[in-house]
Amino acid sequence: MSKKFLPLVLGAAMGAVAATAAGATTLEDVKAKGFIQCGVSQGLPGFSNPDAQGNWTGLDVDFCRAMAAAVFGDASAAKFTPLSAKERFTALQSGEVDVLPRNTTWTMSRDTQLGLNFAGVNYYDGQGFMVRKDLGVTSALELSGASVCTNTGTTTELNVADYFRANNMPYEIVAFEKADEVVAAYDAGRCDVYTTDASGLYAQRLKLTNPGDHMVLPEIISKEPLGPVVRQGDDEWFNIAKWTLNAMLNAEELGVSSENVDEMKSSDNPSIKRLLGVEGAYGEGIGLSNDWAYNIIKNVGNYEESFNANVGPDTPLGISRGVNALWNKGGFMYAPPIR
Amino acid sequence: MTSMERDTAEAPARASLINDPKARGYFYQAVLIVALVVSGYFIVTNTIANLERQNIASGWDFLENTAGFGTNQSLVEYSETSSYGWAIFVGFLNTLLVAVVGIFFATVVGFIVGVARLSNNWVISRIAYCYVELIRNIPLLLQIFFWYFAVLRAVPGKRDKWSFFFDTVHLNIAGLRGPKPIWEPGAEWIGFALILGIIASIVVSRWAHKRQDQTGQQFPVFWTAVGLIVGLPVLTYLVTGMPMHLEHPNFVETGPILRRGFELNVGINVIPEFLALTAALSIYTASFIAEIVRAGIQAVSHGQTEAAHALGLRNGPTLRLVVIPQAMRVIIPPLTSQYLNLTKNSSLAVAIAYPDLVSMGGTVLNQTGQAIEVIGIWMAVYLSLSLITSAFMNWYNQRMALVER
């Protein structure tokens, strides 16, 4: 009995391995299963964070929902997989997730050596330091001899090493796998300094026992352009990710929001007409319907709406637009035109 | 079923080869081996093809690139400019350290609790019983978090300390600090003296054994050995003009608040991550070892104890010379598994920022994206560690088995 069974099992196993070798495009796969699987953080307020009911919100979550709106016309056709910093690229490479909007820094090695592509930048960040106010420190250059808590497996860990080395300051690094443990250890006084992307510092500060006792130092020691990531070699899907972000930015620039998008359909502005699919067939060019951008704006909103709802001045994070403003308002956000 | 087939095959072989159970057995084994080789080959080639298709770099060249990240504990020289390969090696040594120290304490505590569990004293045996049942039924990760987060909050902060042993050893949230020996030229003689002391102790112990066998006279081997192993180096230290001094930790109490507390890299610092992990691993594993020891002792027939008592041995020597040696052959095989478990469980270190093999390797994995290579290294290292431990324990087991009469 068992002797006959064994070859069957082996055969099935080999078949399973063979099946993974063949592959449809990501868009076909996504359409077949009916939703987009997004890799997000394990809980970073403002970017991707589940509430008590398990609903995800945040800037990165909105990007994923915008992609779902572009593909299906339905922003709820997105599912979320929380990933640690260490797991994220492997999860994307292996096809466990379709897109990775997970506050991930765009670096050359990640772009070129991991078989991945960055679809743009949805938040320009930089690494900062948070300390207790009673330390009396006002600049990161006074941190010589400090112990520093951070996340393992991030660019943060490398930047802090570079910064302390460049300024010839001794330090002790304490690197945890999960952000919650970093916060707990910093809160317990194990470290003098907590370092991560500045947006993350503002978000994690909310989790401390007395958020008011801590301050973020003025220095930004690195460039951290955060953006969504897709697998390399599937240009169609790469285009959809890229243009989902561009559509949100162009919509803000053209003053199209989720509230006025229906009226804007009858606008005389040719740029708006092209954006909303009234004129031309730009949606077909990326393998979608012509109202792809309309669906994004209607269901999720433009970039400004997403920013203000998740991380903006009226949220607990209270981050101003700063460098994340549009190019014509003094920021870096610049999307190629739709034409 | 197979054995029945074999039994019938004892009859004169008249059946064809197809019905010969022996031939069929060989055939199935050959099929299995071929299938394994083919599927192994298939998995490897398929992985390589997929990696190439997805433009993922592979190979071992990344091990020589500069790591660029720091660590809070390394037993060898390590800096941000060291290579990825060296970073993984640092992590490996840290794993080894926590495994060896953990195994030592787990064994000591386990034996004590295991023996206490059989004590005639009701309070002692109940305490041991509660310890075993409480500790072995709580998941290890929770215990690690308990030692790290709960206990850590109870000790003084970085700008404060608790001192022990005449103000030489200090504890605070940044770790356990003590004096560091600084060796000067001439100190190597102390090392030679130590080795000489150990060799002399072994010789004395052999001679004493032989003499006791021949004449029945006893010799205080233990105290002689202590004298030789401790006394010889101390004597050498004094004779060579004290070529060693202690570097005490420097506790700063003035100046900017950030600089107060213990100065970095002065004296020896045992990081709290190591303390918490070692405590959790030893205490957890000790609860299993205690049960193994209890079972081993109970496996020795009570007649042995009675016979020893009848010969006039007291309780202590009875346990040490009669019961434990016989219990050891029952204890060692399951004890080996516990040692292996402790070593493998040490990979939970990553949860509390102890830079072990998995933690350091994980950072390398993330910086380079070489998932398959790094995971391969992890598996190879844990496998080799386990096999080496098993080999040693099997050798020890064979030695102990000779004691059996």
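The rules we used
- Residues numbered from 1 in each chain as written.
- Chains lettered and ligands numbered in written order.
- Predicted model: local features only at pLDDT ≥ 70, side-chain atom pairs only at ≥ 80, totals over all residues.
- Heavy atoms only, no water.
- Helix = DSSP H or I, 4+ residues; strand = E, 2+ residues; numbered from the N terminus.
- Rg over C-alpha atoms; globule rule 2.2 N^0.38 Å.
- Buried < 20%, exposed > 50% of the residue type's maximum accessible area, 1.4 Å probe, protein only.
- Contact = heavy atoms within 4.5 Å.
- Areas by Shrake-Rupley, 256 points an atom, 1.4 Å probe, with all protein chains shown as cover.
- Lys, Arg positive; Asp, Glu negative; His and termini not counted.
- Charge placed at Lys NZ, Arg CZ, Asp CG, Glu CD.
- Buried area = accessible area lost by both parts, 1.4 Å probe.
- Salt bridge = Lys/Arg side-chain N within 4 Å of Asp/Glu carboxyl O.
- Polar contact = N/O pair within 3.5 Å; in protein donor to acceptor, adjacent residues only side chain to side chain.
- Nonpolar A, V, L, I, M, F, W, Y, C, P; charged D, E, K, R; others polar.
- Domains from an automatic or database assignment.
- Patch = residues over 30% accessible without salt bridge, like charges linked within 9 Å, V, L, I, M, F, W, Y side chains within 5 Å.
- Disulfide = S-S within 2.5 Å.

**Q** Got a minute to help me understand the overall build of chain B in this structure?
**A** In terms of helices and strands, chain B carries 12 helices and eight strands. The C-alpha atoms of chain B give a radius of gyration of 28 Å, which is well past the 22 Å a tight globule of 405 residues would have. In terms of overall dimensions, chain B has C-alpha extents of about 95 × 75 × 45 Å along its principal axes. Relative to its 405 residues, chain B shows a buried fraction of 39%. Look at the contacts in chain B between residues 6 or more apart in sequence, and 66% of them connect residues 24 or more apart. For chain B, the accessible surface area stands at approximately 23400 Å², while carbon and sulfur atoms represent 66% of it. Between the centroid of the 26 positive side chains of chain B and the centroid of its 24 negative side chains there is a distance of 9 Å.

**Q** How do you make sense of the interface of chain A and chain B when you look at a structure like this?
**A** By a frequent convention, interface size equals the accessible area lost on bringing the separate parts together. Taken together, the contact between chain A and chain B spans 52 residues of the former and 53 residues of the latter. Taken over both partners, the interface formed by chain A and chain B buries close to 4300 Å², and the fraction arising from carbon and sulfur atoms is 57%. At the junction of chain A and chain B, the tally comes to three salt bridges. Ionic pairing is found between K158(B) and D192(A), a salt bridge with its closest N-O pair at 2.9 Å. For the interface between chain A and chain B, the tally reads eight residue pairs in polar contact (both at pLDDT 80 or more). Counting residues per element, the ones that place at least two in the side of chain A that touches chain B are α1 (2-21), α4 (88-93), α5 (108-113), α6 (155-166), β10 (172-176) and α7 (179-188) of chain A. Of the residues forming the side of chain A that touches chain B, the biggest block, eight residues, is contributed by α1(A). Looking at side-chain class alone, the side of chain A that touches chain B contains 24 nonpolar, 15 polar and 13 charged residues.

**Q** Is there a simple way to think about the domain arrangement of chain A in this case?
**A** Residues and elements named next belong to chain A. Examined at the domain level, chain A breaks down into domain 1 (25-124 + 225-329) and domain 2 (127-222). One C-alpha centre belongs to domain 1, the other to domain 2, and the line joining them spans 29 Å. Each side of the interface is counted separately: domain 1 has 17 residues, and domain 2 has 14 residues. Of the roughly 1100 Å² buried between domain 1 and domain 2 on both sides combined, carbon and sulfur atoms contribute 60%. Put simply, domain 1 and domain 2 have one salt bridge between them. The partner of K86 in a salt bridge is E177, and the shortest N-O contact between them spans 3.6 Å.

**Q** For this particular structure, what's the right way to read a nonpolar patch on the surface?
**A** All names here are of chain B. On the surface, a cluster of nonpolar side chains totalling about 1000 Å² of accessible area is made up of L194, I198, I202, F222, W223, V226, I229, V230, V234, L238 and M242. Residue assignment for the nonpolar patch shows that the elements contributing at least two residues are α6 (188-215) and α7 (221-239). Per-element accounting of the nonpolar patch gives the leading share, seven residues, to α7. When you line up the elements, M242 lands in the loop between α7 and β5 (244-247).

**Q** Please clarify how the state of the cysteines should be interpreted in this entry.
**A** Among covalent bonds in proteins, the disulfide is the one between the sulfur atoms of two cysteines. Residue and element names in this part refer to chain A. By the definition in use, this model includes two disulfides over all chains. The side chain of C38 participates in a disulfide bridge whose partner is C64; the two sulfur atoms lie 1.6 Å from each other. On the sign convention where negative means left-handed, the S-S torsion of about 70° between C38 and C64 marks this disulfide as right-handed. With C38 in strand β1 (residues 36-40) and C64 in helix α3 (residues 59-72), this pair connects stretches of sequence that are 26 residues apart.

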